[in-house]
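Report on the structure
Chain residues, written in single-letter form:
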Amino acid sequence: MTFKVAILQSRAENSNIKRNIATIICSMKDASKHGADILLLPECFITGYDLPMTYEKSISCEDEVIKKVCEAAKTHNIGVVLTSFTKGEVQPQNTAFVINKTGEILMKYSKVHTCDFADEKDVEAGTEFKVCDFEGIKIGIMICYDREYPESARMLMLKGAEIILVPNDCGSMKPRIQALSTRAYENMVGIAMANANGHNAGCSCAYSPICWDKNGICTDNTIVLADDMTEGLYYADFDMDAIREYRSTEMMGNTFRKVGAYKGLLDATISAPFIRDGQE
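Quick caveat: nothing in here was measured; it's all calculated off a predicted structure. Throughout, a residue's number is its position along its own chain's written sequence, starting from 1. In keeping with the model being predicted, local features are shown solely for residues with a pLDDT of at least 70 and side-chain atom pairs are shown and tallied solely at 80 or more, while totals for entire chains, interfaces and linings include all residues. The basis for every side-chain value is the complete set of heavy atoms in the structure, and neither hydrogens nor water enter the calculation.

Here a salt bridge means any side-chain nitrogen of Lys or Arg lying within 4 Å of a carboxyl oxygen belonging to Asp or Glu. A full pass over the atoms with the stated rule returns 16 salt bridges. K101 serves as the salt-bridge partner of D37, at 2.8 Å between the closest nitrogen and oxygen. Of the two residues, D37 sits in the loop between helix 1 (17-33) and strand 2 (38-40) while K101 sits in the loop between strand 4 (92-99) and strand 5 (105-110), which places them 64 residues apart along the sequence. Burial classification: accessible surface area is computed with a 1.4 Å probe over protein chains only, and a residue below 20% of its type maximum counts as buried, one above 50% as exposed, and the rest as partly exposed. On the accessibility criterion, D37 (13% relative accessible area) is buried. The residue K159 makes a salt bridge to E128 at a minimum N-O spacing of 3.8 Å. Residue K159 is found in the loop between helix 3 (150-158) and strand 8 (163-167), and its partner E128 is found in the loop between strand 5 and strand 6 (131-134); the two are separated by 31 residues along the sequence. Residues joined by salt bridges that share partners form a network here, namely D37, K101 and E135. A run of H or I in DSSP becomes a helix once it reaches four residues, and a run of E becomes a strand once it reaches two; helices and strands are each numbered from the N terminus.

Next comes the structure, spelled out in structure tokens:
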């Protein structure tokens, strides 16, 4: 079984929700014609990654534009990872909805690792990583800065994720795409990331967890890697049969872990040189 992810590398227009929704639905239609199972968008694509974001400018989780995309998913028989600033309890949240091919919202995930060192400090952080079942495939989401922390992908793997999809909007991508390749390798999960295009940005990508063949010969696990400037759809085919066979035999992921040595990971103490303004 092949799981085909359409990755949109494009920059949303800040505050132009009408235009951004039109871009999303047009991309869904195009991706469906190319046989994609799901469309992955960059971060906060409905509203644009427009900071500082206010509660008033963010959208409700019941907004008509979300319903419109759900209807398009059903019409074009394609899933979508729909992204936006949404209204949280008292502040905006950086949110991704996983919508299936019949237009049902399977999961709402809000970014856990908000960029509290910058304008996202006023964004309400999510509190857990989540996994949902998309037509028999376990999908997890992490958003942009989440991917800087290996614990994000590890938690998704421990919750059963087979594929991790990453909405993104930032620059300086070279070390970050290398990290995503490593997250795929160490957790034995497929990973795809969609980023806004632009100078020193872009580089939307996908990586297989399979890093060597059955003879132990290393293989390039890159499925797709865009340049920084080109706008458009990129397609990543994940061979789920091969990935599942690999996961059932290889020695990464949740195999042979010495969890008793990891207790310090839950210690919230921050010491030099990691003390920063704005830390809780």
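Right, picking up where we left off after that structure.
We now examine the layout of surface pockets. In this analysis, the protein atoms alone were mapped onto a 1 Å grid. Cavities are point sets where a 1.4 Å probe fits without being able to get out; pockets are open sets with protein on both sides within 12 Å along at least five of seven lines; lining residues have an atom within 4 Å of a point. Grid points are joined across faces, edges and corners, and a volume is the space filled by probe spheres set on the points. Its volume calculated, the largest pocket comes out at about 1600 Å³. H113, Y149, E151, L265 and I270 are the residues nearest the centre of the largest pocket, which is lined by 33 residues in total. Within the residue set of the lining of the largest pocket, elements represented by two or more residues are helix 3 and helix 4 (174-187). The class makeup of the residues in the lining of the largest pocket is 16 nonpolar, seven polar and 10 charged. Space inside the second largest pocket adds up to approximately 180 Å³. Taken together, I210, W212, D213, K214, A242, E245, Y246, T249 and E250 make up the lining of the second largest pocket. Of the residues contributing to the lining of the second largest pocket, the split by class is four nonpolar, one polar and four charged. Lys, Arg, Asp and Glu make up the charged group, whereas Ala, Val, Leu, Ile, Met, Phe, Trp, Tyr, Cys and Pro make up the nonpolar group; the residues left over, Gly among them, are polar.

Let's shift gears to the sheet that holds strand 1 (residues 2-9). Note: two strands are recorded as paired if DSSP finds a minimum of 2 bridges between them. Spatial strand order, 5-4-3-2-1-12: six strands in an open sheet with mixed pairing. The open sheet has two free edges, formed respectively by strand 5 and strand 12 (232-239), since each of these has just one partner strand. Taking each pair of neighbouring strands and ignoring which way they run, the sheet shows an average axis angle of 30°. As defined by bridge partners, strand 3 (residues 79-87) adjoins strand 4 across eight bridges and the pair is classed as antiparallel. Bridging from a neighbouring strand, S84 pairs with T95 of strand 4. When checking whether two residues touch, look at their non-hydrogen atoms; a contact exists if any pair is within 4.5 Å. Angles here are taken between N-to-C directions and fall from 0 to 180 degrees, while the axes themselves are lines fitted to C-alpha atoms, restricted in helices to the stretch in contact. Here helix 1 sits on the sheet in contact with strand 1, strand 2, strand 3 and strand 12, set at roughly 45° to strand 12. Of the strands in this sheet, strand 1 and strand 12 touch helix 5 (residues 240-247), which is tilted by about 50° from strand 12.

The next point concerns the sheet that holds strand 8. Sheet architecture is open: six strands sit in the order 6-7-8-9-10-11, paired in mixed fashion. The sheet terminates laterally at strand 6 and strand 11 (222-225), the two strands that pair on one side only. Taken over all neighbouring pairs, the strand axes of this sheet differ in orientation by 20° on average, direction set aside. Note: strand 9 (residues 190-194) against strand 10 (residues 205-207), three bridges, orientation antiparallel. Residue pairing in the sheet places I191 in a bridge with Y207 of strand 10.

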